[in-house]
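Listed below, chain by chain, are the residues.
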Amino acid sequence: MRTLKSITSIWVLPVVAALSFSMVGCQSQQQLGSNADAASKVYVAPGEYDEFYGFMSGGYSGQLSIYGIPSGRHIFTIPVFSQAPTNGYGYSEETKAMLETSHGFIPWGDAHHPELSQTDGVPDGRYIFINENNTPRVAKIDLKSFQTTEIIEIPNSAGNHASPFVTQNTEYISAGTRFSVPVDGEGDVAINSYAENFDGTLSFIKMQEDGSMKLDFQILVPGFDYDLSHSGKGPSHGWAFFTSYNSEEAHTLLEINASKNDKDFIAAVNWQKAAEYAAQGEGELVDAEYYRNYVDKNDHIAKSERNSQVRILNPAELEGMIYYLPTPKSPHGVDVSPDGKLIAAGGKLSTVIPVHSFDKMLQAIENEDFEGEIDGIPVLNYDSIIAGEVENPGLGPLHTEFDGNGYAYTTAFISSEIVKWSLETFEVVDRIETYYSPGHLMIPGGDSRKPWGKYLVSLNKITKDRYLPTGPELFHSAQLIDISGDKMQLLLDFPTEGEPHYAQAMPSDIVMKDQVKFYRLEENNNPYAAKSEKAAKVERDGNEVHVYMTSIRSHFTPDNIEGIKVGDKVYFHVTNLEQDWDVPHGFTILGGNTAEILVMPGETRTYVWEPKKAGMFPFYCTDFCSALHQEMQGYVRVSPEGSDVEIAYGTGQ
Ligand code: RUQ
Ligand code: CUA
């Protein structure tokens, strides 16, 4: 034995060493080969456009970031729920109203889920919506101009997380409350009266014919936490699905108290039926204060509209509107297959991915195959509606997207991987590691009827060691994965701004074709516009001074202003006279107490300034607009309060 062992080791060692050496050699060669292959797949030559627009939520930045895919280039940021010093959104007089709410002016928001508008279940490139989680709102962004043009607040909601998912033809946009709250406006109650006083709401915002949003109705639901949503499509068009957790209705230490039940629920909402009830005047109009802010198409000035009532539909009184599908265990994402027949849930504490069958669900409803009822909502039998369970899906499954070729892809947060599984056999066919802890994932059109199933983007929550360290705070990381073959292949890492919870993408040519390049000066209806240099002027009205200013390469009119006094409130209404693409002019002034404004060609933006002391205050254009950009400057003379310096102004005198 002894001899044998030593002989073996003498022989085995060099063999193992040789083997492992050759394996290493072969591995690194392979890796090199696949790296070069990966690099060529994401290479977009200078001057070329990316194949897809990627729209990624900015999370706690309150913005929406635009990336080119496959290059991963960050090409733009759209301000939505947060003031943006870059262009003055939320600071300028024309945009401030966008951030009005029933809680007053709010300069920040927590954006989670971008969702493209759809026609016939396919992204159509008209709009993208995004929710605000903290002070419940839904925004609409016009993809012709890449500007936020409307924001509607959701009353009776807190933590607007299950939002904003569109129905097949963008008839409605969903908004489910994550935190249940006392709904009748009576918030001042004991927290431990949760069971009696707290409710959830599932809200449906209607897209009206003129493209504006209206809060059509809210469905009153038990006080669970409603987490995510997706609408039905094809055969399941007319339905919307919302996950819920905390069916325990806990109000403290939820990590334990809301993890007790084996199953929570997916709420299946027949929104067409609910919309009929609402149209018939069913339910109750209750008092609720909420704002709708919109950019007026006529003068490009944001306006706020205060609403005071909302229609609430109660399932205990109105039948056939909502059913509960038992779903293990604290489900997070809910995703509907491209054919509209399967509803997959990401049971974050579950060991399988439960997949419900829409057909079986309808059958169970027809047979009244219920295992119970909660507050008038029938609970279907799990075994009657389940189509299959995906075994071994990784730990902590969260979200699923589809490639349109019969496969689904689910993120597993805890085991840091994406698993690919078959919609026919429910078997896992491939898995790939991600770095690290993916939340959402995104395939262009991957939650629609027609995914463009070429790439997948994993939106990871943890970045450490992927990029050069930047102190304690690191940007999040996205990873681009090729899903065109049998095996997933990691192509690219790229950092993202804020926290990109969810994302959307669609082919560039659809979005590109109707882009606004500049605004026509003759269509500028801003009451303070100066449409030519001759129209420029300065007018005093008490202690308010209005400067009607123009900008064109490379001067302002007027560029010398005197007669301003401490205590004045000065409005610089700057009209950009350019009529060409990509020639914004900026404006700012020494000691300016707000952000700059960046004025697009043909538009007027207003900068308010309240000088605090007498002196000389230069102003200038902040955007390098021409060879003589540095010459684009001027002076404002500020005199002490009560001085008798008269208003005087001019350019070139
Ligand atoms: S989620 S925490 Cu969309 Cu998975 Cu927001
Ligand atoms: Cu205008 Cu620089």
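Everything below is about the structure shown above.
Not measured: the values here are computed from a predicted model.

A. A look at the packing of aromatic side chains. Applying the stated criterion across every chain yields a total of 33 aromatic pairs. A ring pair is formed by Tyr-194 and Phe-198, whose centres lie 4.4 Å apart and whose planes are at 20°; its orientation type is stacked. The class of Phe-198 is buried, set by a relative accessible area of 12%. Seen from their ring centres, Phe-572 and Phe-587 are 4.8 Å apart, and the 40° between their planes marks the pair as tilted. Linking Phe-572 in strand S39 (residues 569-576) with Phe-587 in strand S40 (residues 585-589), this pair joins segments that are 15 residues apart in sequence. Comparing Phe-572 with Phe-587 shows no difference in burial state: the two are buried. One residue, Lys-263, lies across the ring of Tyr-382, its end atom 4.6 Å from the ring centre. When the ring centre of Tyr-548 is taken as origin, the NZ or CZ atom of Lys-537, which lies over that ring, is 4.6 Å away.

B. Structural context of the pairing of strand S14 (residues 225-231). Taking burial as the measure, the seven residues of S14 include seven buried ones, the bulk of the element. Here S14 runs beside strand S15 (residues 239-245); their pairing, made up of five bridges, is antiparallel. Counterpart to Tyr-226 in the pairing with S15 is Ser-244.

C. Spotlight on the site of ligand 1. Taken together, His-112, His-113, His-161, Leu-228, His-332, His-399, His-440 and His-501 make up the full set of residues near ligand 1. Looking at side-chain class alone, the shell around ligand 1 contains one nonpolar, seven polar and no charged residues.

D. Layout of helix H4 (residues 271-279). Taken together, the buried positions of H4 are occupied by Trp-271, Ala-274, Ala-275, Tyr-277 and Ala-278. With its buried residues spanning 155° around the axis, H4 presents them on a single face. Buried residues in H4 make contact with strand S11 (172-177), strand S12 (200-207), strand S13 (213-221), S15, strand S16 (263-270) and strand S18 (302-313). Directly beyond the C-terminal end of H4, a positive phi value near 80° is found at Gly-281.

E. Quick peek at the nonpolar core. Judged by nonpolar contacts, the single largest core of 43 residues is most densely connected at Phe-55, Leu-64, Val-457 and Leu-480. Val-457 has contacts with Met-56, Ile-69, Leu-441, Met-442, Ala-478, Gln-479, Leu-480 and Phe-494, leaving out every residue within four places of it along the chain.

F. Examining the sheet that holds strand S30 (residues 438-442) more closely. Overall, antiparallel pairing links the four strands, which are arranged S30-S31-S32-S33 in an open sheet. Two strands lie at the open edges of the sheet, namely S30 and strand S33 (489-496), each paired on one side alone. Pairs of neighbouring strands in the sheet enclose a mean axial angle of 25°, with direction left out of account. Two strands pair when backbone bridges link them, and strand S32 (residues 476-482) and S33 are joined in this way by seven bridges, in the antiparallel orientation.

G. Expanded view of the environment of Ala-45. Along the chain, the position of Ala-45 falls in the loop between helix H1 (2-42) and strand S1 (52-57). The class for Ala-45 is partly exposed, based on a relative accessible area of 26%. When the C-alpha atoms of Ala-45 and Ser-71 are compared, they prove to be 9.5 Å apart, with 26 residues separating the residues in sequence.

The rules behind the values
Residues numbered from 1 in each chain as written. Chains lettered and ligands numbered in written order. Predicted model: local features only at pLDDT ≥ 70, side-chain atom pairs only at ≥ 80, totals over all residues. Heavy atoms only, no water. Phe/Tyr/Trp six-rings, centres within 6.5 Å; stacked < 30°, edge-to-face > 60°. Buried < 20%, exposed > 50% of the residue type's maximum accessible area, 1.4 Å probe, protein only. Helix = DSSP H or I, 4+ residues; strand = E, 2+ residues; numbered from the N terminus. Lys NZ or Arg CZ within 6 Å of the ring centre and 35° of its normal. Pairing = 2+ DSSP bridges. Near = heavy atom within 4 Å. Nonpolar A, V, L, I, M, F, W, Y, C, P; charged D, E, K, R; others polar. Arc of directions from axis to C-beta. Contact = heavy atoms within 4.5 Å. Core = buried A, V, L, I, M, F, W, Y, C linked by side-chain atoms within 4.5 Å. Axes fitted to C-alpha atoms, helices over the stretch in contact; angles between N-to-C directions.

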